[in-house]
Amino acid sequence: MPVSPIVGLRQEDVGMTWVLVAVGAVVLVVVFGVYNSLVGKKNAVEYAFASIDAILKKRFDLIPNLVATVKQYMQHERGTLESITALRAKAMSGRLSSDEATAMDGQFSRALRGIMVAVEAYPELKASENFQQLQRTLNEVEEQLSAARRAFNAAVTDFNNAVEMFPTNLMAGLMGYRRRQLFEIPETERQTPNVGNLFNA
Amino acid sequence: MQSDADFRAHLQAAVLPVLEPLEARRKGIVRKLTAGSLAIGGASLGLGGWLAGRAEAGAPLLVALVVGALLIAGLVALLTHGFVQDFKNAVIAPIVAFVDPTLQYAPRGCIPQWEFQRSGLFKQGIDRYRGEDLVTGTLDKTAIRFSELHAEYKTTSTDSKGRRRTQWHTIFRGLFFIADFNKHFSGQTVVLPDAAQRFLGRLGQALQNMNMARDQLVKLEDPEFEKEFVVYGTDQVEARYILSTSLMRRILEFKRKMRVSIHVAFVDSSIFLAIGTGRNLFEPRLFRTLLDEKLLSEFLNDVRMATGIVEDLNLNTRVWTKE
């Protein structure tokens, strides 16, 4: 008769025990897997948000340069330039929460666009090499920013799917994970720009 | 782009004068080939008959057929060798120059193997690498080069009788195109035809996520693009920086226009496209006349298909820091 590793049990009980152990092991592996994948998805969201932050900072860093280049030409737009400098100072002053950062990003985009529209009135400035280089850099940062937002939204969608779909939603509930917000474009920016209004202003 | 009338005028001036002597050569080759094939055919039939008379030979007719076919193939290569080169220099070169005067054409040149491998599109080790019809040049602000390529690997198996058999398998055959990309980037992003997701849906995507041979899976937001392609990249943000929503559309439209499989890679600030054309481009034909405008416009369309990529993918738009 084979020696049972679990002392004091009859043969069929030993068999049953092994089945239970096997089932328990499988359940554990699945639970670990789900747990790890949820943590991985949460971290992917945070990583993606950090990369938006990094590019936003890169954009803020361009501002002193832009203001210096533009100032000598645009005597009449002092107000716009001062407001964008102030926004930058506010953004650089401390860590912003993700909601604040979103709001700030919207204001900043508007101010920047205001400057670019105003530049149209200064052909000399538009033609200056300094400004053209700056405009290329700004275009690039905007493109990178849009890429970072898309990466963030992809990571959030992945995370939200895991939080809401069966069976990962059970684990997510235990871990206290909630749906996250996508990085949305503010309502004012979503409207199709009215070219006529631009000229009336 | 130049009109059909311009092309016809260009053909009259640059191509027709050289095409007529080539056509005469082609007829001569066909004559010699016919005579040679008849002789070889007769000889191999005789050989077959002689072998059949001897009992120990296995399959006499088969042996004779194989020998005959090999001899005829050798004859074709021998007769057409110089002719193909001369045809390419005389006909393809002016057609390439017509598309854009900055383009250079080298019939025997090809994209080197290291550049093909640098794209990272095909992971299989290469045992045989051939190519021809290299075109290089600069269209407006974008430097381009492309050639036909055929990359293969081999497998050797030994059957029960101890005979070794070597088989060649194609890794890629078609047009390989490299251009300077209009944005700076440092990582690697590849766009491959998607089979798994089309047939398996979300499960397919989960499997792609576990592909160890590739970098991270990049899930993009355009559902039609996602159905046709799968994207892997070293950096999620950079992959999206390169594959803007408009570039995804353009790649999709290009693929639909071409109706062939397309692989795209973005490495070292360059874009690599592997287009599986499924036919040998820029070759003269032997058994039909060369004096055919349709044949010549086909060559023109093949060149334009490649140079048109610059336009199709908007590579001349240089609004970012890369000039």
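The shown structure was predicted, so the numbers you read here are calculated from the model rather than taken from an experiment.

Facing the 13 residues of chain A at the interface are 10 residues of chain B. Taken together, the elements giving at least two residues each to the side of chain A that touches chain B come down to α1 (11-71) and α5 (129-164) of chain A. No other element matches the 11 residues that α5(A) contributes to the side of chain A that touches chain B. Each residue belonging to the side of chain A that touches chain B can be placed in one class, and the counts come to five nonpolar, four polar and four charged.

Here the bond from A:F166 into A:P167 is cis, since omega is 0 degrees, no more than 30 degrees from zero. If you trace the backbone, A:P167 turns up in the loop between α5 and α6 (168-175). With phi around 55 degrees, B:D140 is a residue other than glycine that occupies positive phi space. Tracing the chain through its elements places B:D140 in the loop between β2 (128-139) and β3 (142-158). Its identity as a non-glycine residue notwithstanding, B:F282 has a phi of 60 degrees, on the positive side. The residue B:F282 is located in the loop between β9 (270-275) and α9 (293-312) in this model. Using a count of 23 C-beta atoms within 10 Å as the deciding quantity, one classes B:F282 as buried.

What follows deals with the confidence of the model for chain B. In the predicted model, chain B carries a mean pLDDT of 88, and the fraction of residues at 70 or more is 98%. Across the predicted assembly, pTM comes out at 0.81 and ipTM at 0.72.

Residue and element names in this part refer to chain B. Sheet topology places β2 next to β3; 10 bridges connect them, and they run antiparallel. If you follow R128 over to β3, its bridge partner there is E152. Count of turn residues in the β2/β3 antiparallel hairpin: two residues, of which D140 carries a positive phi of about 55 degrees. With 15 bridges connecting them, β3 and strand β4 (residues 164-180) associate as antiparallel partners. The partner of Y153 across the bridge, within β4, is H169.

A separate point is the nonpolar core. B:F177, B:A179, B:F272 and B:L273 are the most contacted members of the largest nonpolar core, which has 82 residues in total. Ranked by the residues each element gives to this core, the list is headed by α5(A), at 10 residues. Grouped together as the second largest cluster of nonpolar side chains are five residues, A:I63, A:L66, A:L81 and A:I84 included.

This part covers the sheet that holds β3(B). Residues and elements named next belong to chain B. Taken together, nine strands build an open sheet; the order of strands is β1-β2-β3-β4-β9-β8-β5-β7-β6 and the sheet is antiparallel. Sheet topology places β1 (104-106) and β6 (216-218) at the edges, where each strand pairs with a single neighbour. On average, adjacent strands in this sheet sit at an angle of 20 degrees to one another, irrespective of strand direction. Here four bridges tie strand β5 (residues 188-193) to strand β8 (residues 262-267), and the two strands are oriented antiparallel to one another. Opposite Q188, over in β8, you have V267 as the bridge partner.

Criteria and cut-off values
Residues numbered from 1 in each chain as written. Chains lettered and ligands numbered in written order. Predicted model: local features only at pLDDT ≥ 70, side-chain atom pairs only at ≥ 80, totals over all residues. Contact = placed C-beta atoms within 7 Å. Helix = DSSP H or I, 4+ residues; strand = E, 2+ residues; numbered from the N terminus. Nonpolar A, V, L, I, M, F, W, Y, C, P; charged D, E, K, R; others polar. Buried ≥ 20, exposed ≤ 12 C-beta atoms within 10 Å, placed from the backbone. pLDDT = per-residue confidence, 0-100. Pairing = 2+ DSSP bridges. Core = buried A, V, L, I, M, F, W, Y, C linked by C-beta atoms within 7 Å. Axes fitted to C-alpha atoms, helices over the stretch in contact; angles between N-to-C directions.

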